Amino acid sequence: MPTTTTYTPRPIDPQALKELRTTDDAGRPTAPFTDPEGDAPLRCCLRRSEPGERIALVSYAPLRRWASATGAEPGPYDEQGPVFIHADPCESSADGTLPFTNAHRVLRRYSTQGHILGGRLVESPAAFEQALAEAFDDPSVALVHVRAVEYGCFLYEVRRD
C-alpha cells in the first residue's frame with residue numbers, strides 16, 4: 001500500500017529512459033522481455049508491472065546522471081545497479097503517494113557534491129514521511145535515494161524542493 005506524502009518521488013527522467021531503452025549505464029544493449037508474472041518495481045512510472053507487459057532490466061547509475069546535470073563529483077559514491085523499466089515509453093502513475101513502501105527500505109542521503117551523508121532503515125510505511133522530514137531537516141542534504149534493503153537496488157529519489 002503506498003504512503004501519502006508531501007514529498008515527491010521522482011521516477012527516472014524521460015531522457016535517461018530514452019537512452020536506457022537502447023543502452024544501459026554499463027554500456028550493454030537493452031534486452032526487453034515479456035514479464036510472465038508481473039510485480040516488478042518499475043522505475044519509469046513507479047508502479048508494479050502487470051503480467052504480459054514488455055519490460056527490461058537495465059543497469060542504471062542514478063547519482064552519476066544527477067551529478068552530470070548538477071556538476072557534482074560523487075567520486076566513489078557513483079554506483080550503478082539493476083532497475084526494471086518499461087521497454088517502451090509509458091505514463092507516470094504519480095498520485096501524491098510514495099510507492100514501494102510495503103517492505104523495509106533504506107533512505108540514503110546525499111550532499112550537493114554527491115557524497116553520501118548517511119542512511120536510515122525505514123521499517124513501516126507510516127515511518128516514511130518522518131524519515132524524509134528528518135533527512136531534509138539537514139540543510140546539507142540535496143537528495144535522498146529510496147532503496148531496497150535486500151539487494152540495495154535503487155527504487156526512486158526524492159529531491160529537496
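Residues numbered from 1 in each chain as written. Predicted model: local features only at pLDDT ≥ 70, side-chain atom pairs only at ≥ 80, totals over all residues. Heavy atoms only, no water.

## Observations concerning the side chain of Arg-21
Here is step 1 of the chain: Residue placement: Arg-21 occurs in the loop between α1 (14-20) and β2 (33-34).
Here is step 2 of the chain: It is Asp-88 that comes nearest to the buried, bridge-free Arg-21 among opposite-charge side chains, at 6.2 Å.
Here is step 3 of the chain: There is a polar contact of 3.2 Å between the side chain of Arg-21 and the backbone oxygen of Asp-88.
Here is step 4 of the chain: In this view, Arg-21 contacts Thr-30, Cys-44, Ile-85, His-86, Ala-87, Asp-88, Pro-89 and Cys-90; residues no more than four positions away in its chain are not counted. (Helix = DSSP H or I, 4+ residues; strand = E, 2+ residues; numbered from the N terminus. Buried < 20%, exposed > 50% of the residue type's maximum accessible area, 1.4 Å probe, protein only. Lys, Arg positive; Asp, Glu negative; His and termini not counted. Salt bridge = Lys/Arg side-chain N within 4 Å of Asp/Glu carboxyl O. Polar contact = N/O pair within 3.5 Å; in protein donor to acceptor, adjacent residues only side chain to side chain. Contact = heavy atoms within 4.5 Å.)

## Focus: the sheet that holds strand β11 (residues 154-159)
The pairing of strands in a sheet happens through backbone hydrogen bonds and is either parallel or antiparallel.
Here is step 1 of the chain: With antiparallel pairing, four strands are arranged side by side in an open sheet as β9-β8-β10-β11. Taken across any chain shown, the strands that pair with only one partner, and hence form the sheet edges, are β9 (116-122) and β11. Taken over all neighbouring pairs, the strand axes of this sheet differ in orientation by 20° on average, direction set aside.
Here is step 2 of the chain: Where strand β8 (residues 105-110) lies against strand β10 (residues 143-148), six bridges are found, and the strand directions are antiparallel. Bridged to Leu-107 within β10 is Val-146.
Here is step 3 of the chain: Across the sheet, helix α2 (residues 62-70) touches β8, β10 and β11, and the angle it forms with β10 is around 165°. (Pairing = 2+ DSSP bridges. Axes fitted to C-alpha atoms, helices over the stretch in contact; angles between N-to-C directions.)

## Here's the deal with α2
Here is step 1 of the chain: Within α2, burial applies to Pro-62, Leu-63, Trp-66 and Ala-67. Buried residues in α2, looked at end-on, bunch into an arc of 125°, giving them a common side. Pointing more than 90 degrees away from the buried face of α2 are the exposed residues Ser-68 and Ala-69.
Here is step 2 of the chain: Each element contacted by the buried residues of α2 is listed here: β5 (54-60), β8, β10 and β11. (Arc of directions from axis to C-beta.)

## Side note on the pattern of salt bridges
Here is step 1 of the chain: The final tally for this structure, using the stated rule, is 11 salt bridges.
Here is step 2 of the chain: Residues Arg-108 and Glu-79 are paired through a salt bridge, measuring 2.5 Å at the closest nitrogen-oxygen approach. You can see Arg-108 sitting in strand β8 and its partner Glu-79 sitting in the loop between α2 and β6 (81-86), a full 29 residues away along the chain.
Here is step 3 of the chain: By relative accessible area, which is 29% here, Glu-79 ends up partly exposed.
Here is step 4 of the chain: Between Arg-120 and Glu-134 there is a salt bridge whose closest N-O contact spans 2.5 Å. With Arg-120 in strand β9 and Glu-134 in helix α3 (residues 128-137), this pair connects stretches of sequence that are 14 residues apart.
Here is step 5 of the chain: Look at Arg-120 and you get partly exposed, because its relative accessible area is 29%.
Here is step 6 of the chain: The structure contains a network of salt bridges with shared partners spanning Arg-10, Glu-157 and Arg-159.

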